[in-house]
Amino acid sequence: MNLKDQLQDSVFQTVAQVAKEQGLETYVVGGYVRDLLLKRESKDIDFVCVGSGITLAKAVQKKLGRNLPLSVFKNFGTAMIKNGEQELEFVGARKESYDRNSRKPVVEDGTLEDDQNRRDFTINALAISLNEADYGELVDPFDGVQDLKEKLIKTPLAPETTFSDDPLRMMRAIRFASQLNFDIDADTYEGISKMKDRISIVSAERIIVELNKIILSKKPSYGFKLLFHSGLLKIIFPELVKLQGVDSIDDKSHKDNFYHTLQVLDNISENTDKLYLRWAAIMHDIAKPATKRFNKKVGWTFHGHEDKGARMTPKIFRRLKLPLGESMRYVQKLVRLHLRPIALVKDEITDSAVRRLLFEAGDDVEDLMTLCRADITSKNNHKVKRFLQNFNKVERKMREVEEKDKIRNFQPVITGQMIMETFDLKPGRTIGDIKEALKEAVLDGVIKNEFEEAYNYMIEMGREKGLTVVKTLK
Ligand code: CTP
C-alpha cells in the first residue's frame, strides 16, 4: 500500500530530504500512521530512523529554520522539535526493552524490524517509508491494517513478551479499545488477566494518564468493564470494585452500585467532556459500601454516603496522583451535594432551601444538575420522566431565586471589620457568631443581602448580646 498522497504535511518532504542528505533510513511510525488510516486527526508525529534520532532531529531543526525549540533526551536517545502546536519526535530504531519513562532504559541500536517488534500493538507498529526508493510505502509486518479493519487490539509478539517489556501496555490495550471502540484479541486479553499483577511496578503517574483517557472516551463504561473483568481495576482502584455486587435480606435487595456508577458515567459523558465532572460521576456513590445498613422496615440504606464520599475523595485522588487543588475540591463538592436537588424535589421546593443550595454550589450548580440528571438510571421510563421534570422545576425555581436574591456568588455586605468597629470588639468568637447569623438570615430570607437591612439586623443582634453601639457606620 502506498500512502504518498496522504502525507500532506510539508514536514514529511523536509524530513525525507534531510534523511537523504544524512544517509539515514527513516520512517513515520506509530500513532500517527494508525490515525491516518483511521482518518482520525492527530497532531504529533513520530519518526524512527536506523541510526541516531538525535542527529536526524538536529538536521531537521536546521532545515526547518525559524529556530524551532528542540529538546534532546540523551538517555533515551530521542529528540523532539516543537513546531507550533505540533510535536515532532525522533528516535533511532532500537532492539530490546522499550520504555521511554523507565529510569534505566536499555537501548541497543536495531533495524526497523527490531523497532516494530518492540512496539505495543499491531496497529501501532505500522511504519511509512520516507526513503527515496519507496517513499510513502507502508511497512506492516504484523497485519496491523487487517486489525484496524477488524477493530482489534493485539500485541505484535506473544502478549507476555510485549507486556513484560512495559506492563503499562495492559492499561493501554484497554485505553485504545475504549477510545477507538475496538475489541481486544482473545490471547492479548488473556495475557492481561494473567499478568495483571505486574501493573504494580508501573508508576501511578503513568497509570492515571491512561485511566483519564479511558474516562474521556465516548463510552467509558466499556473500558471500565474491561478493567474490571481483567482484574486490573481491583489493583488500581479497589474502592470502585467494592461497589460491585448485590446483597439481599428478606427478599430486599439494593441495586448493583458498580454498574449503576458506570451507567451514570456514560450518561454524563453524553453531556460533558469535562474530565472532573466525569470524575464526580465515578465518585458520587463511592462511600455506599462503607455506609450500607439494613433496616427491617425500610430495607437497605446508605445514609451519609455523600459526606463520607466527599471525605474519601482526597485520599483516593492522592493515591491515584490526581491533582489535589481546585479540581479535587470541585469533585468533592459535587459528591457532597449530589443528593440535594433530589431532596429539594421530595420536600416542597422552598426559597430558603433553593438559596442554601445555590450558596453552597455557587458557580458549579449547573454541573451539579448535570450530575443529578445523569444519576437517574431507573429502567422505568415513567419514573425517569417524572424525575427529569422535577429537576426542570428546581432549575426554574433556582433562576427565579437567583434573579431576586443574587445568592450564587454571595458576599456578605457586613464584614468582620465593620462589626468590630460598631461594637468596639476585639477579634473573637462573637464576630464569627454575628457573621454566621447574618448569613443564615439572608439564606432564610429574613433579610436581603443589602447593606441597610443587614446593618439593622446586625445592630439588633448586638443589642440582644448586650453589646453597645460605639460607632454608627450609616
Ligand atoms: N509505544 C509502545 N509502548 C508504550 C508506549 C508507546 O510501544 N508503552 C509506542 C507505540 O508504537 C505508539 C508510540 O510508541 O504508537 C507512541 O506512543 P504514544 O504517543 O504514547 O501513543 P500514540 O499511539 O501516539 O497514541 P495517543 O496519541 O493516543 O497517545
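Scroll up to find the structure.
Residues numbered from 1 in each chain as written. Predicted model: local features only at pLDDT ≥ 70, side-chain atom pairs only at ≥ 80, totals over all residues. Heavy atoms only, no water.

Caption draft 1: Summary view of helix α21 (residues 381-405). The end-to-end C-alpha distance of α21 is 36 Å, a good match for the 36 Å that 25 residues give at a rise of 1.5 Å each. Among the residues of α21, Val384, Asn390, Phe391, Val394, Glu395, Lys397, Met398, Val401, Glu402 and Asp405 are the ones counted as buried. On the buried face of α21, the contacting elements are α18 (340-346), α19 (351-361) and α20 (365-374). For α21, the side-chain oxygen to backbone nitrogen distance between the N-cap and His382 is 2.9 Å, and the N-cap itself is Asn380. At the C-terminal side of α21, Lys406 shows a positive phi close to 45°. (Helix = DSSP H or I, 4+ residues; strand = E, 2+ residues; numbered from the N terminus. Expected span 1.5 Å × (residues − 1). Buried < 20%, exposed > 50% of the residue type's maximum accessible area, 1.4 Å probe, protein only. Contact = heavy atoms within 4.5 Å. Polar contact = N/O pair within 3.5 Å; in protein donor to acceptor, adjacent residues only side chain to side chain.)

Caption draft 2: Region of the structure containing the sheet that holds strand β5 (residues 86-92). Taken in spatial order, the seven strands of this open sheet run β3-β4-β5-β2-β1-β8-β9, and their pairing is mixed. The open sheet has two edge strands, β3 (70-73) and β9 (138-139), and neither has a second partner. The strands touched by helix α2 (residues 31-38) are β1 (25-29), β2 (45-50), β8 (127-129) and β9; relative to β1, the strand with the most contacts, the crossing angle is about 55°. (Pairing = 2+ DSSP bridges. Axes fitted to C-alpha atoms, helices over the stretch in contact; angles between N-to-C directions.)

Caption draft 3: A look at the pairing of β2. The pairing of β1 with β2 spans five bridges and is classified as antiparallel. Residue pairing across strands places Tyr27 opposite Val48, the latter belonging to β2. Two strands pair when backbone bridges link them, and β2 and β5 are joined in this way by five bridges, in the parallel orientation. Each bridged residue has a counterpart across the sheet, and for Cys49 the counterpart in β5 is Gly92.

Caption draft 4: Fine view of helix α8 (residues 186-195). Those residues of α8 that fall on the buried side of the exposure criterion are Thr188, Gly191, Ile192 and Met195. Summarising the axial view, the buried residues of α8 lie within an arc of 100°, below the 170-degree limit, and thus occupy one face. Among the exposed residues of α8, those oriented more than 90 degrees off its buried face are Ala186 and Lys194. Along its buried surface, α8 packs onto β10 (152-153), α6 (159-165), α7 (168-180), β11 (183-184), α10 (220-230) and α11 (232-236). N-cap assignment for α8: the residue whose side-chain oxygen lies 3.2 Å from the backbone N of Asp187 is Asp185. (Arc of directions from axis to C-beta.)

Caption draft 5: Here's a closer look at the packing of α8 against α10. Two numbers describe how α8 lies on α10: the axes approach to 9 Å, and their chain directions differ by 55°. As the angle between them shows, α8 and α10 are arranged oblique. Taking contact as the criterion, the partners of Tyr189, Ile192 and Ser193 in α8 are, on α10, Leu226, His229 and Ser230. Split into classes, the residues belonging to the contact of α8 with α10 amount to three nonpolar, three polar and no charged. (Parallel < 35°, antiparallel > 145°, perpendicular 65-115°, else oblique. Nonpolar A, V, L, I, M, F, W, Y, C, P; charged D, E, K, R; others polar.)

Caption draft 6: Highlighting the site of the ligand. In the region of the ligand, 15 residues are neighbours, and Arg34, Asp120, Asp166, Arg169 and Arg175 sit closest. Within the backbone of Gly31, one N or O atom sits 3.1 Å away from an oxygen atom of the ligand. Between the ligand and Asp120 there is a distance of 2.9 Å, counted from an oxygen atom to a backbone nitrogen or oxygen. Protein chains shield 80% of the accessible area of the ligand, which is 560 Å² for the free molecule. Elements with a minimum of two residues in the shell around the ligand: α2 and α7. No other element matches α7, which puts four residues into the shell around the ligand. Of the residues in the shell around the ligand, the class split is two nonpolar, three polar and ten charged. (Near = heavy atom within 4 Å. Areas by Shrake-Rupley, 256 points an atom, 1.4 Å probe, with all protein chains shown as cover.)

Caption draft 7: How the structure looks around the pattern of salt bridges. On inspection of all chains with the given rule, the structure shows 30 salt bridges. Among the ionic pairs, Glu239 bridges to Arg319, the shortest N-O distance being 2.7 Å. Of this pair, Glu239 sits in helix α12 (residues 238-241) while Arg319 is found in helix α16 (residues 305-320), placing the two residues 80 residues apart along the sequence. You can call Arg319 partly exposed: its relative accessible area is 38%. Residues Asp351 and Lys404 are paired through a salt bridge, measuring 3.1 Å at the closest nitrogen-oxygen approach. One end of the pair, Asp351, is in helix α19; the other, Lys404, is in helix α21, with 53 residues separating them in the sequence. Here Asp351 falls in the partly exposed class, since its relative accessible area comes to 24%. (Salt bridge = Lys/Arg side-chain N within 4 Å of Asp/Glu carboxyl O.)

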